[in-house]
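A look at the structure
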Amino acid sequence: MAHFHLAWELGGDPAHAGRLRVLAQALLARGHTASLAVRDLAQARRVLGDLDVALLQAPLWLQASGHNAASLAEIMLASGYHEAQALDSLVRGWRALLELLKPDVLVAEFAPTALLAARSLDIPGVAIGAAFTLPPAGQPLPNFRPWEAVDLARLAQAELHVLKVMNTVLVHYGGVPYLQAADALLGRQHLLCAWPELDHYGRAPEAEEWLGPAFVMPPGEAPQWPPGHGHKVYVYLRQEHPAHVAVLHALVMEGCRVLCYQPEVAAGAVPPVHATSLAWARGPVDMAAALSEARLCVNQAGEGTVTHAMLAAVPMLLLPTQLERYLLAQRLEAAGVAINGGRMPGAVDWRSVVRSLLMDGRTLMAARNAATRYAGFSHGQMAGRLVARLESVVSKS
């Protein structure tokens, strides 16, 4: 059996830890050894704490500040890739960790520095993740903000600079230089945990092997719908979105029966809207059960929620508050299964938006077609495919 070291370095979304949990469980079930180095130990402990694995702190650039980044290269520049000396300090940390653990394979979840260190030590490095962290191979890194007046020359310069800095460090350790910056994020092999509709970059379906989403959803309570005869609408929406009150009002005014899980209210905050047709969940809801009855799902384009909605053939109104989720909402709107409320400027007639989703059969038909495409999908099957790919890497090394 082999030892796989799983690494998470960049990005604050708990979905990174969730994917590592899915993979670690599958590896352990096959008799392999797994160890993990993670960006956020507290967050990872909540997701991974019951697993029999070594859980370590990943080497990080503590001054990172890439909030307005327009490409993965700019995220990396703000994470220690601005100069060779800074990057080398992180690579030394990863090299020490890998030399101590001696894994057979390094598996990176948005961990380019871990991949670079593994490359310098000739340890096979495999990248896994949702589409956002695994850019198209053989191409310049995509522009995250094509709707803005982003200086494309600036992005090209950032990418060239990152590539130069990485190769300076690699050559120092006798490693093989990268040809393109994307190589640093893709490893020797990349395993894409997504479907084409969930691809932030809009790659052609035949361009990749799509293993399907990998995420962890907490157990939830059975859905308790308000009484009545209107359409059932499941809402998972934090108060951070400025339109959350207006959207809830619109759903009520359109005669919907709304079940809303809002973490702030579940934690004791005063509900922002009161109506007999609106029920507030006291904690996480059994998502599959709720969506099996819902006609519409309103959410912030989180990976787990949109996947459940797609499998249940439920159209979505998406209200993202993060760039990565906005890009995902764009792709889901292009696939016809959702409306991206994030693209709507100024005052929005949310009642009209809700009405269009409930009355226009095209969105429902697209959602049903997507559900048919992925009927039978299971995390167990997907995790098995992930492990099989990783085992093949060991057999070839």
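Scroll up to find the structure this text is about.
Residues numbered from 1 in each chain as written. Predicted model: local features only at pLDDT ≥ 70, side-chain atom pairs only at ≥ 80, totals over all residues. Heavy atoms only, no water.

**Here we look at the sheet that holds strand 9 (residues 278-280)**
Taken in spatial order, the six strands make up an open sheet running 9-8-7-10-11-12, and their pairing is parallel. Since the sheet does not close on itself, it has two edges, and those belong to strand 9 and strand 12 (338-340), each with one partner. Across the sheet, the mean angle separating the axes of adjacent strands is 15° when strand polarity is ignored. Strands strand 10 (296-299), strand 11 (316-318) and strand 12 of the sheet are contacted by helix 13 (residues 350-359), whose axis makes an angle of about 150° with strand 11. (Pairing = 2+ DSSP bridges. Helix = DSSP H or I, 4+ residues; strand = E, 2+ residues; numbered from the N terminus. Axes fitted to C-alpha atoms, helices over the stretch in contact; angles between N-to-C directions. Contact = heavy atoms within 4.5 Å.)

**A few points about the state of the cysteines**
A complete count under the given rule lists zero disulfides for this structure. Cys256 forms no disulfide, and the closest cysteine sulfur to it belongs to Cys297, at a distance of 13 Å. Unpaired in terms of disulfides, Cys297 finds its nearest cysteine sulfur in Cys260, a separation of 11 Å. (Disulfide = S-S within 2.5 Å.)

**As for the nonpolar core**
Judged by nonpolar contacts, the single largest core of 113 residues is most densely connected at Met166, Tyr234, Met316 and Leu332. The contacts of Leu332, once residues within four sequence positions are left out, are Glu197, Leu198, Val306, Met310, Met316, Leu318, Val337 and Ala338. By size, the runner-up hydrophobic cluster in this structure holds 25 residues, among which are Val235, Val247, Trp280 and Leu357. (Core = buried A, V, L, I, M, F, W, Y, C linked by side-chain atoms within 4.5 Å. Buried < 20%, exposed > 50% of the residue type's maximum accessible area, 1.4 Å probe, protein only.)

**Quick look at the environment of Glu209**
Its location among the elements puts Glu209 in the loop between strand 6 (189-192) and strand 7 (232-236). Sequence separation between Glu209 and Ala58 is 151 residues, and the spatial gap between their C-alpha atoms is 29 Å. The residues contacting Glu209, other than those within four sequence positions of it, are Leu192, Arg385 and Arg389. Here Arg389 takes part through its side chain, which lies 2.2 Å from a polar atom of the side chain of Glu209. (Polar contact = N/O pair within 3.5 Å; in protein donor to acceptor, adjacent residues only side chain to side chain.)

**Considerations on the environment of Pro103**
Residue position: Pro103 is located in the loop between helix 4 (84-101) and strand 4 (105-109). Along the chain, Pro103 and Met365 lie 262 residues apart, while their C-alpha atoms are 47 Å from each other. Contacts of Pro103, omitting those with residues within four sequence positions, involve His3, His5, Leu98 and Ile123.

**Some points on the sheet that holds strand 4**
Judged by pairing direction, the sheet is parallel, and its six strands sit side by side in the order 3-2-1-4-5-6 without closing on themselves. Sheet topology places strand 3 (54-57) and strand 6 at the edges, where each strand pairs with a single neighbour. Along the sheet, successive strands turn relative to each other by an average axial angle of 20°, direction set aside. In this structure, strand 1 (residues 3-8) lies alongside strand 2 (residues 33-38), joined through five bridges in parallel fashion.

**Some remarks on helix 3 (residues 72-81)**
Owing to its 3.6 residues per turn, the α-helix brings residues three or four apart onto one side. Among the 10 residues that make up helix 3, nine are buried, leaving the element largely enclosed by the rest of the structure. Residues of helix 3 that are buried: Leu72, Ala73, Glu74, Ile75, Met76, Ala78, Ser79, Gly80 and Tyr81.

**Quick word on the packing of aromatic side chains**
With the rule as written, the count across this model stands at six aromatic pairs. When the ring of Phe132 is compared with that of Tyr201, the centres are 6.5 Å apart and the planes differ by 20°; the resulting orientation is stacked. Within this pair, whereas Phe132 is found in the loop between strand 5 (125-129) and helix 6 (152-172), its partner Tyr201 is found in the loop between strand 6 and strand 7, the two being separated by 69 residues in sequence. Here Phe132 and Tyr201 have matching classes, each one buried. (Phe/Tyr/Trp six-rings, centres within 6.5 Å; stacked < 30°, edge-to-face > 60°.)

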